[in-house]
Amino acid sequence: MNTLDIPSRTSVKVIGSNGQISLGKEFAGRQVLVEEQEPGVWLVRTASVVPDNEFWLHQPVAQEDLRRAMDWAKRNPPKESDPEATLKSIENVGRTKGRKRSA
């Protein structure tokens, strides 16, 4: 749909004593950008804001890494493990790494 085809809606709002206006419950909890285009003229647009420390998650490389990780997790469901056996196998690997193999 072309934005020119969207009918504009005009309504009168009163700015409360606390400096706030209500845009309606359908926008509750949404983030908005408020641009003062000139004194007394504001453009209010809904927006999705990404915190700087999460921006990397939206990069193509990270998106691909996350997709591959999710695919792996679907193919490899969690299973019961034995922590004691795992520790013993790690200890055994450490012991055998220092030894030379005989022919």
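What counts and how
Residues numbered from 1 in each chain as written. Predicted model: local features only at pLDDT ≥ 70, side-chain atom pairs only at ≥ 80, totals over all residues. Heavy atoms only, no water. 1 Å grid on protein atoms, 1.4 Å probe; cavity = no way out; pocket = protein on both sides within 12 Å on 5 of 7 lines; lining within 4 Å. Points joined across faces, edges and corners; volume = space filled by probe spheres on them. Helix = DSSP H or I, 4+ residues; strand = E, 2+ residues; numbered from the N terminus. Nonpolar A, V, L, I, M, F, W, Y, C, P; charged D, E, K, R; others polar. Pairing = 2+ DSSP bridges. Salt bridge = Lys/Arg side-chain N within 4 Å of Asp/Glu carboxyl O. Buried < 20%, exposed > 50% of the residue type's maximum accessible area, 1.4 Å probe, protein only.

Draft legend 1. Up close: the layout of surface pockets. The space that makes up the largest pocket amounts to roughly 1,000 Å³. In terms of lining residues, the largest pocket is bounded by 21 residues, among which R9, S11, L23, F27 and V44 are the most central. With five residues, the top contributor of residues to the lining of the largest pocket is strand β2 (residues 41-47). Considered class by class, the residues forming the lining of the largest pocket number eleven nonpolar, six polar and four charged.

Draft legend 2. Structural detail: the pairing of strand β1 (residues 31-38). Across seven bridges, the pairing between β1 and β2 is antiparallel. Considered in β2, the bridge of E38 is made with V41. Two successive antiparallel strands, β1 and β2, enclose a turn made up of two residues, where G40 displays a positive phi of approximately 85 degrees.

Draft legend 3. Looking closely at the pattern of salt bridges. Using the criterion set out here, one finds five salt bridges in the structure. Where E35 meets R45, a salt bridge forms, and the shortest distance between an N and an O atom there is 2.3 Å. Linking E35 in strand β1 with R45 in strand β2, this pair joins segments that are ten residues apart in sequence. Residue E35 is classed as partly exposed on the basis of its relative accessible area, which comes to 29%. Across the pair D65 and R68 runs a salt bridge whose closest N-O atoms are separated by 3.0 Å. Taken together, the residues span about one helical turn, with D65 and R68 both in helix α1 (residues 60-75) at a distance of three residues. One network of salt bridges, in which partners are shared, links E64, D65, R67, R68 and D71.

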